[in-house]
Amino acid sequence: MSVDAAELRSRTAELLATHPPASTDRLEFLRARFDAGLAWVHYPEGLGGLGAPRSLQAVVDAELEAAGAPDNDPRRIGIGLGMAAPTILKYGTDEQKQRFLRPLWTGEEVWCQLFSEPGAGSDLAALGTRAVREEGSGDWVVDGQKVWTSSAHLARWAILIARTDPDLPKHAGITYFLCDMTDPGVEVRPLRQITGEAEFNEVFLTGVRIPDDRRLGEVGDGWRVAQTTLNNERVAIGGMRLPREGGMIAPVAGTWRERPELRTHDLHQRLLKLWVEAEVSRLTAERLRQQLVAGQPGPEGAGMKLAFARLNQEISGLEVELRGPEGLLYDDWTMRRPELVDFTGRDAGYRYLRSKGNSIEGGTSEVLLNIVAERVLGLPAEPRTDKDVAWKDLAR
């Protein structure tokens, strides 16, 4: 029997009656919400959902928000929610799903992504981190280095891809793992950015042991598994739900209204153009989320992530110009390791500097342009001379 909006409202009312938000511990409430199938309603029963249409999640969220219920602080655990969870759901064993999805959703366990490496960023399939299976125990021993790892300093678990067969072409010899970040062989070093913060990290893996039951998917099938992660990552970054005039356009539009002395004709024309583009992007993201109801995210997410990066950089540049000398100020260059990226809670200088990374993180704009060209528009693929060459024979 399918679950409709009325059924979800009834279940939500029951949750609120048995766990009143005002008198229930936050974590206890979140666990109860997950167990009631109201965490992500489109997930299967027993895994935080009810097998309902994804579009009905808004019904539950609205009821809980009106009741003052706590959320799971999604910005802090975005990698777990947007990347690890859908990959575990698709490729994980029943035991893996039961073990990881609940504490992931409640925020008890933060996740990070161990994909990019110093020599394998845009060309991720060229990665060199090695995972070797130990005779006898069957465990995997991992050695290598990862970089640009958001939240590694907070993470309990990581999604990791490593090379398990260097004799195969680069896309074929990769396997996907769930890595325990508390292993003594994991070293996390802060990577300070132009903003002064270190939300990113370098991660060094030395003799890290991963039991085979923390392998996700088949040995050597890691690239295919990783595509689920990457497609969901692009949607999570570029397709986030925003209100009208939300996101980066909000502070610059607010400044325009509140500070008439800063206005010029040229700035007005540029603001109008970017406001319209931001609204088009917001509505396109809404359409993309509706398409997800019928299946998994596809390459369309690459287009949304492209638009997200370009708009953020253009809007933040306009804001700095609009504010004049004030736009050159910066609130605090103190070295810190934040729990999340707060674009709208900081000043214009922070937004300008931090948005520079939007065209790199989650896939560079150049790589995403290729994805759109080849997988969305159907244009001929770029020539590749390394397609059938063993990874160990590639020039590096």
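Relevant structure appears above.
Reading the values: the criteria
- Residues numbered from 1 in each chain as written.
- Predicted model: local features only at pLDDT ≥ 70, side-chain atom pairs only at ≥ 80, totals over all residues.
- Heavy atoms only, no water.
- Patch = residues over 30% accessible without salt bridge, like charges linked within 9 Å, V, L, I, M, F, W, Y side chains within 5 Å.
- Areas by Shrake-Rupley, 256 points an atom, 1.4 Å probe, with all protein chains shown as cover.
- Salt bridge = Lys/Arg side-chain N within 4 Å of Asp/Glu carboxyl O.
- Helix = DSSP H or I, 4+ residues; strand = E, 2+ residues; numbered from the N terminus.
- Buried < 20%, exposed > 50% of the residue type's maximum accessible area, 1.4 Å probe, protein only.
- Contact = heavy atoms within 4.5 Å.
- Axes fitted to C-alpha atoms, helices over the stretch in contact; angles between N-to-C directions.
- Parallel < 35°, antiparallel > 145°, perpendicular 65-115°, else oblique.
- Left-handed = near helix turned anticlockwise from the far one by under 90°.
- Nonpolar A, V, L, I, M, F, W, Y, C, P; charged D, E, K, R; others polar.
- Polar contact = N/O pair within 3.5 Å; in protein donor to acceptor, adjacent residues only side chain to side chain.
- Pairing = 2+ DSSP bridges.

Trainee: What is the right way to read a nonpolar patch on the surface from this model?
Mentor: Taken together, the side chains of V376, L377 and L379 define a hydrophobic patch exposed on the protein surface, amounting to about 280 Å² of accessible area. Along the polypeptide, V376 turns up in helix α11 (residues 365-376). Exposure remark for V376: the relative accessible area of 40% places this residue in the partly exposed category.

Trainee: How should I be thinking about the pattern of salt bridges in this particular structure?
Mentor: Oppositely charged side chains can pair when the atoms bearing their charge come close. With the rule as written, the count across this model stands at 39 salt bridges. Residue E7 pairs with R11 through a salt bridge whose shortest N-O separation is 2.7 Å. Placement of the pair is E7 and R11 together in helix α1 (residues 5-18), with a separation of four residues, close to one helical turn. The salt bridge involving E319 is made with R351; its shortest N-O contact spans 2.9 Å. Taken together, the residues E319 in helix α9 (residues 300-323) and R351 in helix α10 (residues 348-354) connect sequence positions 32 residues apart. In this pair, the class of E319 matches that of R351, namely buried. Connected through shared salt-bridge partners, R259, E261, E319, R323, E326 and R351 make up one network.

Trainee: Teacher, can you tell me more about the environment of D73 here?
Mentor: When you line up the elements, D73 lands in the loop between α3 (57-66) and α4 (78-91). By relative accessible area, D73 is classed as partly exposed at 27%. Considered as a pair, D73 and P169 are 96 residues apart in the sequence and their alpha carbons are 41 Å apart. Apart from the residues lying within four places of it in its own chain, the contact partners of D73 are R26 and L340.

Trainee: Would you take a moment to explain the packing of helix α2 (residues 26-35) against helix α5 (residues 94-106) for this structure?
Mentor: Relative placement of two packed helices is described by the angle separating their axes and the distance separating the axes. Packing of α2 against α5 leaves a shortest axis separation of 9 Å and a crossing angle of 130°. Looking at the two axes, α2 sits oblique to α5. Crossing of α2 over α5 shows right-handed handedness. From α2, L27, L30, R31, R33, F34 and D35 reach across to α5, where they touch L101, R102, W105 and T106. By residue class, the composition of the contact of α2 with α5 is five nonpolar, one polar and four charged.

Trainee: I'm lost on the side chain of R354 in this one. Help?
Mentor: Structurally, the position occupied by R354 is in helix α10. Side chain to side chain, R354 and E199 meet in a polar contact 2.6 Å long. Those residues within four positions of R354 in sequence are excluded, and the remaining contacts are Q193, T195, E199, F200, V341, F343 and E361.

Trainee: What is the right way to look at the pairing of strand β4 (residues 157-163) in this model?
Mentor: Consecutive side chains of a regular strand alternate in pointing toward one face of the sheet and then the other. Most of β4 is tucked away, with seven of its seven residues classed as buried. The two faces of β4 match: W157, I159, I161 and R163 on one face and A158, L160 and A162 on the other face are all buried. Bridge count between strand β1 (residues 111-114) and β4: four bridges; the pairing is parallel. Residue C112 lies in a different strand from β4, and its bridge partner there is A158.

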